[in-house]
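Chain by chain, the residues run as shown.
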Amino acid sequence: MSDISRVTLIVLDSVGAGELPDAKDFGDVGSNTLGNLAKAVGGLNLPNMQKLGLGNIIDIEGVAPKADPEGAFGKAKEVSIGKDTTTGHWEMSGVILERPFPNYMKGFSDEVIKEFEEKTGRGVIWNKAASGTVVIEDCGEEQMETGKWIVYTSADPVFQIAANEEVIPLEELYKACEIALDICNRKSPVSRVIARPFVGKKKGEFKRTSNRHDFSIFPPGVTILDKLSEAGKDVIGVGKIYDIFAGKGVTDTRKTNKNDLDGIKKTIEALKEDTNGLIFTNLVDFDMLYGHRRDTEGYKNALELFDQWLPEIEKNLRDDEILIITADHGNDPTYKGTDHTREYIPILVYGKHVKKGVNIGIRGSFTDIAATIEEIILGVKAKGSFAEEIL
């Protein structure tokens, strides 16, 4: 495996590949982000991922299977009990979450909220599950008038705090998130506390800004990021990777301040640099802007945009590099509700040294991705690695 010195791992956040066998336990029977989306929009135009073998993984209208794919392909099931971003990324990095995070659909306890109010010096409004854009629209004017925090959550184990940037400075909002994370770590476990700043003067004008910031707990185990960085390798996080892992194991971070196109371009910039180890990118718009909002056209356009840029990504791959494209969970935009869906994740692998047309099958865990990277970059054979199958 010494011919490969760098892996670029791109996570298309929420681009699931069909319901898992235990989907019924999560209320997600029939979910299929790629398959159902394609049917809803009359087919997807993804010729570049199709060439790699995307249509060979599952049936996708408009993305027919190839007789001679240019990449290796397959899918993986999630072992951890969850279907959120943090759990998915931790598992693909090598850490299985044995106990699921609780959710707080009915809001956080009076004890948690009272301590948060006392330590931040501001009151709280809302405190229950909601769509972020909806709750800001409904509570934005009250937040501006009272100076209170808008606190809300979702089916994910997150404590989200929204405030108008013109009323509460970003520094104060971020400090409040740190306070909330400390309280939750002691009293109500969450995976992340998320700052959700917005701007606007009145209802109908409120918009969330790019100053979102995630405050995460550390993964409960050693990840491939830790192993690589401890071995002196580069671990470059693009997008919210640094936030998901609370910075642990990340040697360099490239924040994206605009959209997924910015994340794609920053990934391409990283590809051009003389580094060895891992470039780890999360592209969040699929999930945040389109999956949760059940926006099929937006989801379709985002996928097709990524596909259009894929040749540029491939062009900048070094000869001693492989590309892995995957996801972290599902978020079927045709499904009921607005939550994530319990699905397989697709896996596409491409590079000069990657065997063409190899079907790696259904992997038993997302951790197979970490095992493969560990074997390729560090030369350590790990359970679940598909390195020998593809190289």
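Below is a summary of the structure that appears in this document. (Residues numbered from 1 in each chain as written. Predicted model: local features only at pLDDT ≥ 70, side-chain atom pairs only at ≥ 80, totals over all residues. Heavy atoms only, no water.)

To continue, consider the packing of aromatic side chains. For the structure shown, the criterion picks out nine aromatic pairs. Aromatic pair phenylalanine 108 and phenylalanine 159: ring centres 4.6 Å apart, planes at 45°, arrangement tilted. Taken together, the residues phenylalanine 108 in the loop between α3 (85–92) and α4 (110–120) and phenylalanine 159 in strand β5 (residues 158–164) connect sequence positions 51 residues apart. A residue is classified by how much of its surface remains accessible, and phenylalanine 108, at 4% relative accessible area, is buried. (Phe/Tyr/Trp six-rings, centres within 6.5 Å; stacked < 30°, edge-to-face > 60°. Helix = DSSP H or I, 4+ residues; strand = E, 2+ residues; numbered from the N terminus. Buried < 20%, exposed > 50% of the residue type's maximum accessible area, 1.4 Å probe, protein only.)

Once that is clear, we can look at the environment of glycine 88. Here glycine 88 lies in helix α3. With a relative accessible area of 0%, glycine 88 lands in the buried category. Considering only alpha carbons, one finds glycine 88 and lysine 258, 170 residues apart in sequence, at a separation of 24 Å. Excluding residues within four positions of it along the chain, glycine 88 makes contact with Glu78, Asp328 and Phe366. (Contact = heavy atoms within 4.5 Å.)

Further remarks concern the layout of surface pockets. In this structure, the largest pocket spans a volume of roughly 610 Å³. At the level of secondary structure, the elements contributing two or more residues to the lining of the largest pocket comprise α5 (132–146), β6 (192–199), β7 (207–208), β8 (213–216) and α10 (285–291). Residue composition of the lining of the largest pocket, grouped by class: six nonpolar, 10 polar and 13 charged. (1 Å grid on protein atoms, 1.4 Å probe; cavity = no way out; pocket = protein on both sides within 12 Å on 5 of 7 lines; lining within 4 Å. Points joined across faces, edges and corners; volume = space filled by probe spheres on them. Nonpolar A, V, L, I, M, F, W, Y, C, P; charged D, E, K, R; others polar.)

Okay, the pairing of β5 next. Most of β5 sits inside the fold, with seven of its seven residues counted as buried. Along β5, one buried face is formed by Val158, Gln160, Ala162 and Asn164 and the opposite face, lined by Phe159, Ile161 and Ala163, is buried too. Here strand β4 (residues 149–153) pairs with β5 via three bridges, running antiparallel. Within β5, the position partnered with tyrosine 152 by the bridge is glutamine 160. In this structure, the hairpin formed by β4 and β5 is closed by a connection of four residues. As paired strands, β5 and β6 are joined by seven bridges and run parallel to one another. Each residue of the ladder has a partner; that of phenylalanine 159, found in β6, is valine 193. A crossover connection joins β5 to the parallel β6 through helix α6 (residues 170–187); in handedness this β-α-β unit is right-handed. (Pairing = 2+ DSSP bridges. Right-handed = clockwise from strand over helix to strand, strands pointing away.)

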